[in-house]
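Reading the structure
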Amino acid sequence: MCWKCGTALTESEPVSRSAECPVCHADIHSCRNCMFYEPGSHYDCHETIDALVSDKERSNFCDSFKLNRNASGDGNAQKAKQEAAKKAFDALFS
C-alpha cells in the first residue's frame, strides 16, 4: 500500500528503484514503503544498515528493501498525529 495515498500496490519483488505509485506518483522503493521502516529505531530501520538514508520518502539504493503491503497509507494522517502529540507534550510545560 502506498504510504502517501493508500493505494494498493501490485508491484512484484524486487521493486524497481524507479517504480512510482500509479495514483500519486510517490516513489515506491523508499523507506516509507518498506516493511523494515520504524521511526525511532536506529536510522529508522529494523535492518542493520551501514548508512543513513536521509530522505525517507524518496527512492534509494537500499538492498534490504521489502515492500510493506500493509502500510497504513495517508502520510497526512501521520503528520497530523505527530503534530497533535507535540502539542500535547508542549502543553505539559505551559
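Below: a short report on this structure. The structure presented is a predicted model; accordingly, all values stated were derived computationally and were not measured. (Residues numbered from 1 in each chain as written. Predicted model: local features only at pLDDT ≥ 70, side-chain atom pairs only at ≥ 80, totals over all residues. Heavy atoms only, no water.)

1. A few points about the nonpolar core
- C2, L9, V15, I28, F65 and L67 are the most contacted members of the largest nonpolar core, which has 14 residues in total.
- Residues within four places of F65 in sequence aside, it is in contact with E13, V15, I28, H29, S30, N33 and C34. (Core = buried A, V, L, I, M, F, W, Y, C linked by side-chain atoms within 4.5 Å. Buried < 20%, exposed > 50% of the residue type's maximum accessible area, 1.4 Å probe, protein only. Contact = heavy atoms within 4.5 Å.)

2. Observations regarding the pattern of salt bridges
- The final tally for this structure, using the stated rule, is three salt bridges.
- The closest approach of N and O atoms between R32 and E57, which form a salt bridge, is 3.3 Å. Taken together, the residues span a long stretch of sequence, with R32 in the segment before helix 1 (75-92) and E57 in the segment before helix 1 at a distance of 25 residues.
- Judged by its relative accessible area of 13%, R32 is buried.
- With a relative accessible area of 31%, E57 lands in the partly exposed category.
- Salt-bridge contacts for D90 lead to K86; the nearest nitrogen and oxygen are separated by 3.0 Å. Remark: K86 and D90 occur in helix 1; sequence separation between them is four residues, near one turn of the helix. (Salt bridge = Lys/Arg side-chain N within 4 Å of Asp/Glu carboxyl O. Helix = DSSP H or I, 4+ residues; strand = E, 2+ residues; numbered from the N terminus.)

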